[in-house]
Amino acid sequence: SSTTFWTTTGMFPQELIIGFPKCIKISKVAIQCYLVRTLRIERSVSKDPVDFEQCIEKDLQHTEGQLQMEEFPLPDFQATYLRFIIKSAFDHFVSVHRVMAEGT
């Protein structure tokens, strides 16, 4: 829902995990967030959310007063779980408004 969001509790790192019913092929991940400085995306192909491996780590641009919108192309990428780790921020609290994964 565009009217809801996930917010951090004020210390970093913070993380959220998204699980899929089975291992899927993902071609692109996009995120809309606010005040995130450094974001890492990890994946797991396990049945349970364990054994994550780092896929992407990026410093995002500060966009005062508006959402940050980032897309990450992921060719030949499979995952059962995606873990988003917010390593640092531009403020004490940040928010994640939307996460989208495209694929089959």
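Residues numbered from 1 in each chain as written. Predicted model: local features only at pLDDT ≥ 70, side-chain atom pairs only at ≥ 80, totals over all residues. Heavy atoms only, no water.

What about unusual backbone geometry?
Then, in step 1: Cis geometry is found at the peptide bond from Phe12 to Pro13, where omega equals 10°.
Then, in step 2: If you trace the backbone, Pro13 turns up in the loop between β1 (6-7) and β2 (14-34).
Then, in step 3: You will see that Leu35, though not glycine, has its phi angle at about 70°, which is positive.
Then, in step 4: Take Leu35: it is sitting in the loop between β2 and β3 (36-44).
Then, in step 5: Judged by relative accessible area, Leu35 falls into the buried class, the value being 9%.
Then, in step 6: Despite not being glycine, Asp51 has its phi angle at roughly 55°, a positive value.
Then, in step 7: Summarising the element assignment, Asp51 is placed in the loop between β3 and β4 (53-59). (Helix = DSSP H or I, 4+ residues; strand = E, 2+ residues; numbered from the N terminus. Buried < 20%, exposed > 50% of the residue type's maximum accessible area, 1.4 Å probe, protein only.)

So, the pairing of strand β5 (residues 68-89)
Then, in step 1: Bridge count for β2 against β5 is 15 bridges, and the pairing is antiparallel. Paired with Cys33 across the two strands is Gln68, which belongs to β5.
Then, in step 2: Pairing of β3 with β5 involves eight bridges; the strand directions are antiparallel. Across the sheet, residue Glu42 finds its bridge partner in β5, namely Arg83. (Pairing = 2+ DSSP bridges.)

Side note on the sheet that holds β1
Then, in step 1: Reading across from one edge, β1-β6-β2-β5-β3-β4 is the order of the six strands in this open sheet, with antiparallel pairing throughout. Lying at the two open borders of the sheet, with one neighbouring strand each, are β1 and β4.

Describing the confidence of the model for the protein
Then, in step 1: Looking at the protein as a whole, the pLDDT averages 93, with 99% of positions reaching at least 70.
Then, in step 2: Within the protein, the lowest mean pLDDT, 90, falls on β1, and the highest, 97, falls on β3. (pLDDT = per-residue confidence, 0-100.)

With respect to the side chain of Arg40
Then, in step 1: Relative to the elements of secondary structure, Arg40 occurs in strand β3.
Then, in step 2: Discounting chain neighbours no more than four positions away, the residues touching Arg40 are Gln54, Ile56, Glu57, Arg83, Phe84, Ile85 and Lys87. (Contact = heavy atoms within 4.5 Å.)

Remarks on the pattern of salt bridges
Then, in step 1: Considering all chains together, one arrives at nine salt bridges under this definition.
Then, in step 2: With a closest N to O distance of 3.5 Å, Lys28 and Glu102 form a salt bridge. Taken as a pair, Lys28 in strand β2 and Glu102 in strand β6 (residues 95-103) lie far apart in primary sequence, 74 residues in all.
Then, in step 3: Lys28 sits in the partly exposed class, given a relative accessible area of 22%.
Then, in step 4: The exposure class assigned to Glu102 is partly exposed, which follows from its relative accessible area of 43%. (Salt bridge = Lys/Arg side-chain N within 4 Å of Asp/Glu carboxyl O.)

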